[in-house]
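Examination of the molecular architecture
What follows is the residue order along each chain.
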Amino acid sequence: MKLRLVTLATIAALAVTPVFAQGSGQHSAQAADHSGQAASHGAAAVVSGTAAVAAVPIVVVGGALAVTGAALTSAGTGSVQTGADLSEAAVVPQNTTIIVIEPDGAPTLD
Amino acid sequence: MKRFFSYLFIMMIALGPSIAQAGSTEATKPNFPAASINAFADRVQNDLASRGANIAIVARKGRNPSTLPKGIEYTHVAYWVYSEITNADGSTGRGYRVYNLYQTSGDPTRSRLVQDSPADFFTGAFRLDAGVIIPDKRLQQKLLKVVASPAYSSVHNASYSVLSNPENNQFQNCTEHTLNVLMASLYDTDNLPRIKANISAHFDPQPIRLGGLKRTLAPATSKALTTKDHGATVATTTFGALARFMEKNDLAQTTYRITPSNVTRF
């Protein structure tokens, strides 16, 4: 009887809708060493040392946009192979204490 | 008793492979030739530029959707930011840089904020198929302000869980960080308790159907599969949940799916 119960439980557990979403694993192309890559996230420009890419967000919204030059991956330069680590500047202790505060109203842009 | 442990052992083995693959930080081999990935990355870049998107939320399919729980189609989400780019050789251009939260390769329970290229973003894709949300222009302006400020990092929690609960800050995955940045922009704050209060009040996460035994045993396979930040039910941030939230509150300019041959609205 006990054996049947355990068997049934096993089948039931395995029959449940499976698996989890994939984590945000970095692929092999990004496996390069991050340690040499300084991050200056507080500034608009984020520069990575060994990845040697500087990217400055264009913050003026509304103009005509085009993808040009080195930004085109088919030109062979876009696949950077290494990521620029933005985390180092923000190693702040996370406070997981639950603080109950009243929410604001629903978000609106008007 | 001995028999019970035998069955438990068999169960662990049976559960192991699917879950381990699901949340793994193992390097994945590209599923497509580099030329196809580059061409698709450029197609998405050009499409975003033609729509005037200075910043967009883009999602990729990292796994066969048939193996994912109902309600999850895309497995990784990040902001794409239109930027002035300078490469090592001095060449310059304008295009998108991708602002990711990635699990660290050495420890899947930790994450880092990493910037890479559109081609890098799609290298691990199971299918060349992207979900795109272009925020309203006014929201784009707010998002750019946060992305270029310390607030972007301050709403990051490096404790990683694949199915993190967005209503608290115990764990975080890439989509939850995307949501935190969105809320920081909307409410002009980097105060996490306030962000979480607003998420709880206004955001509907995607419920995940998960058997009790599987939920119990999963963390034994990988600690990144913990669900201890949830109550009786499990619900997490997904691309679909983000899209619904933005549509409901008139925050999106457009939401669509792009493949190498088609662009379709959701």
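See the structure above.
I will try to describe carefully the structure that is included in this document.

This brings us to the packing of aromatic side chains. All names here are of chain B. All chains considered together, the criterion is met by 10 aromatic pairs over all chains. Note on tryptophan 80 and tyrosine 96: the rings are 6.4 Å apart at their centroids and 45 degrees apart in plane angle, and the pair reads as tilted. One end of the pair, tryptophan 80, is in strand β2 (residues 76–86); the other, tyrosine 96, is in strand β3 (residues 92–103), and 16 residues separate them in sequence. Just as tryptophan 80 is buried, tyrosine 96 falls in that class too. Taken together through their ring pairs, the aromatic side chains of Phe40, Trp80, Tyr82, Tyr96, Phe121 and Phe122 make up a single cluster. The ring of tyrosine 256 is capped by arginine 51, whose NZ or CZ atom sits 3.9 Å from the centre of that ring. Directly above the aromatic system of phenylalanine 121 lies the positively charged group of arginine 60, at a separation of 5.4 Å from the ring centroid.

Another aspect to go through is the side chain of serine 111 of chain B. Residue and element names in this part refer to chain B. Structurally, serine 111 can be placed in strand β4 (residues 111–116). At 2.8 Å, the side chain of serine 111 forms a polar contact with the side chain of histidine 156. Discounting residues that sit within four places of it in the chain, serine 111 has contacts with Leu101, Tyr102, Gln103, Thr104, His156, Asn157, Ala158 and Tyr160.

Those residues of helix α9 (residues 239–248) of chain B that sit buried are Phe239, Ala241, Leu242, Ala243, Phe245 and Met246 of chain B. In the segment just after α9 of chain B, aspartate 250 of chain B is the residue with positive phi, at about 55 degrees.

As a rule of thumb, nonpolar side chains are buried together in soluble globular proteins. In terms of nonpolar packing, the biggest core is built from 51 residues, with Tyr79, Leu182 and Leu186 of chain B touching the most fellow members. Those elements giving two or more residues to this core turn out to be β1 (55–61), β2, β3, α4 (137–147), α5 (151–154), α6 (174–187), α7 (192–202) and α9 of chain B. The element best represented in this core is α6 of chain B, accounting for eight residues. Non-local contacts of leucine 182 of chain B, meaning those with residues more than four positions away in its chain, are made with Tyr79, Leu139, Leu143, Leu242, Phe245 and Met246 of chain B. Val53 of chain A together with Tyr82, Tyr96 and Leu128 of chain B belong to the second largest nonpolar core, which has 30 residues in total.

Once that is clear, we can look at the pattern of salt bridges. All names here are of chain B. Inspection of every chain in the model, using the stated rule, returns nine salt bridges over all chains. Ionic pairing is found between glutamate 84 and arginine 94, a salt bridge with its closest N-O pair at 2.8 Å. Taken together, the positions of glutamate 84 in strand β2 and arginine 94 in strand β3 put the pair 10 residues apart, joining distant regions of the chain. For glutamate 84, a relative accessible area of 29% puts it in the partly exposed group. Among the salt bridges present, the one from arginine 257 reaches aspartate 129, with a minimum N-O distance of 2.8 Å. Of this pair, arginine 257 sits in strand β8 (residues 252–258) while aspartate 129 sits in strand β5 (residues 127–135), and the two are 128 residues apart along the sequence. Sharing partners across several salt bridges, the network here consists of Lys61, Glu73, Asp129 and Arg257.

Residue and element names in this part refer to chain B. Contact geometry for α6 and α7: axes closest at 10 Å, N-to-C directions at 100 degrees. Compared by their axis directions, α6 and α7 come out roughly perpendicular. Here Glu176, Leu179, Asn180, Met183, Ala184 and Tyr187 of α6 lie close against α7, whose contacting residues are Leu192, Arg194, Ile195, Lys196, Asn198, Ile199 and His202.

Calculation notes
Position numbers for residues start from 1 in each chain and track the written sequence from start to end. For this description, chains carry letters from A and ligands carry numbers from 1, given in the order in which they are written. Two thresholds apply to this predicted model, a pLDDT of at least 70 for residue-level local features and 80 or more for giving and counting side-chain atom pairs, whereas whole-chain, interface and lining totals are computed over all residues. Excluding hydrogens and water, the side-chain figures rest on all heavy atoms present in the structure. The criterion for an aromatic pair is that two Phe, Tyr or Trp rings (for Trp, the six-membered ring) have centres within 6.5 Å, with stacked assigned to planes under 30 degrees apart, edge-to-face to planes over 60 apart and tilted to the rest. Where helices and strands are cited, they refer to DSSP runs of H or I of at least four residues and of E of at least two residues respectively, numbered from the N terminus. The buried label goes to any residue with under 20% of its type's maximum accessible area, the exposed label to any with over 50%, and the partly exposed label to all in between, with areas taken from a 1.4 Å probe on protein chains only. When the NZ atom of lysine or the CZ atom of arginine is within 6 Å of a ring's centre and also within 35 degrees of its normal, the charge is said to sit over that ring. Whenever two N or O atoms come within 3.5 Å, that pair is a polar contact, provided that in protein one can donate a hydrogen and the other can accept it, and provided that, for residues adjacent in sequence, both atoms are side-chain atoms. Note on contacts: a residue pair is in contact if any heavy atoms of the two residues lie within 4.5 Å. Think of a nonpolar core as a cluster: buried Ala, Val, Leu, Ile, Met, Phe, Trp, Tyr and Cys residues, connected wherever their side-chain atoms sit within 4.5 Å. A side-chain nitrogen of Lys or Arg and a carboxyl oxygen of Asp or Glu constitute a salt bridge if their distance falls within 4 Å. Only the stretch in contact is used when a helix axis is fitted, and all axes are lines through C-alpha atoms; the angle between N-to-C directions ranges over 0 to 180 degrees. Each angle is binned into one of four classes, with values under 35 degrees roughly parallel, values over 145 roughly antiparallel, values of 65 to 115 roughly perpendicular, and all other values oblique.

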